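Examination of the molecular architecture
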Amino acid sequence: MLSIITPCSRPENLPRLFQSINFNKINHWYIVYDTSKDRSYEHIFHNYQKISEHNIDGTPFNSKSGNYQRNYALNLIKEGYVYFLDDDNLIHPDFFTELDFNTPNKLYTFDQFLRKKDENNIIYRKGNVLRTNHFDMAQFCFDISIKPKNLLFENTLYAADGKLIEELDEVCKDNHIYIPKILCYYNNPIVTGKQIGRAHV
């Protein structure tokens, strides 16, 4: 099964994230609110068994971009696959049908929709270059069992997703499966509200 981690400072987007998740295919959705700068949040999913909401302040660790919140949730997950869904994004409609969460010990990477160039062409980021500045948080999913216990997001680093994927690549070369299909979005579906639909290459 799959666990989803969402560091959150924009709770108004959570209902749309909720609608994009197939809860029959997941074990748990961890929403970790960033309570730095004296922010507080109303928990909205009390009645859902597969959702938990946590208040975590990463200020003492100089956390950037939700890194400490991601690490907090990572340390709660003991088995199964992990996916990071930021609070300005959505799950792609084909994500749950193309990934196999029943085969253990894999690192999956895949392509990412960026934007439409015109009606017949799209711009996308390939998921086969596992390097900082060439890869995005939404482009990978992995079995927690293949991650060394001390491998976490670097709290103070903005590009911590790139560094993490490079380190995962080093330890998972024999277990890496690249799927040459667009299975995730960049953050524009919620930020712009545009209907970008299903994009394939």
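Every value quoted in this text rests on a predicted model; they were computed, and no experiment measured them.

**Points about the pattern of salt bridges**
Tallied over the entire structure, the rule returns 8 salt bridges. Between Asp86 and Arg70 there is a salt bridge, with its nearest N and O atoms 3.0 Å apart. You can see Asp86 sitting in the loop between strand 4 (81-84) and helix 3 (95-98) and its partner Arg70 sitting in helix 2 (residues 67-74), a full 16 residues away along the chain. Judged by its relative accessible area of 4%, Arg70 is buried.

**Some details on the packing of aromatic side chains**
We describe a pair of aromatic rings using the distance from one ring centre to the other and the angle between the two ring planes. Under the criterion given, the structure shown has 21 aromatic pairs. Seen in terms of ring centroids, Tyr83 and Phe110 are 6.5 Å apart; in terms of plane orientation they differ by 40°. Their pairing is tilted. Taken together, the positions of Tyr83 in strand 4 and Phe110 in strand 5 (residues 107-118) put the pair 27 residues apart, joining distant regions of the chain. In terms of burial, Tyr83 and Phe110 fall into one category: buried. Geometrically, the ring pair formed by Phe140 and Phe142 is stacked, given 6.0 Å between the ring centres and 15° between the ring planes. The burial state of Phe140 is the same as that of Phe142; both residues are buried. Among the aromatic residues, ring-to-ring pairing joins Tyr81, Tyr83, Phe95, Phe96, Phe101, Tyr108 and Phe110 into one connected group. The residue whose ring lies beneath Arg70 is Phe153, and the NZ or CZ to ring-centre distance is 5.7 Å.

**Regarding the side chain of Ser20**
Within the secondary structure layout, Ser20 lies in helix 1 (residues 14-20). A relative accessible area of 19% places Ser20 in the buried class. Looking at Ser20, its side chain comes within polar contact range of the main-chain oxygen of Leu17, at 2.8 Å.

**Considering unusual backbone geometry**
Even without a glycine there, the phi angle at Asp38 is positive, about 60°. Assignment of secondary structure puts Asp38 in the loop between strand 2 (26-34) and strand 3 (51-56). Owing to a relative accessible area of 80%, Asp38 belongs among the exposed residues under this scheme. The residue Asn105 is not glycine, and still its phi comes out positive at about 65°. When you line up the elements, Asn105 lands in the loop between helix 3 and strand 5. When its relative accessible area of 34% is taken as the criterion, Asn105 is described as partly exposed.

**What about the nonpolar core?**
Core analysis: the largest hydrophobic core is formed by 29 residues, its most contacted members being Leu2, Ile21, Trp29, Tyr83, Phe95, Leu99 and Phe110. Where this core is concerned, the elements lending two or more residues are strand 1 (2-8), helix 1, strand 2, strand 4, helix 3, strand 5 and strand 8 (176-185). Sorting elements by how many residues they give to this core places strand 2 first, with 4 residues. Val32, Ala73, Met137 and Leu168 belong to the second largest nonpolar core, which has 24 residues in total.

Quick notes on the rules
Residues numbered from 1 in each chain as written. Predicted model: local features only at pLDDT ≥ 70, side-chain atom pairs only at ≥ 80, totals over all residues. Heavy atoms only, no water. Salt bridge = Lys/Arg side-chain N within 4 Å of Asp/Glu carboxyl O. Helix = DSSP H or I, 4+ residues; strand = E, 2+ residues; numbered from the N terminus. Buried < 20%, exposed > 50% of the residue type's maximum accessible area, 1.4 Å probe, protein only. Phe/Tyr/Trp six-rings, centres within 6.5 Å; stacked < 30°, edge-to-face > 60°. Lys NZ or Arg CZ within 6 Å of the ring centre and 35° of its normal. Polar contact = N/O pair within 3.5 Å; in protein donor to acceptor, adjacent residues only side chain to side chain. Core = buried A, V, L, I, M, F, W, Y, C linked by side-chain atoms within 4.5 Å.

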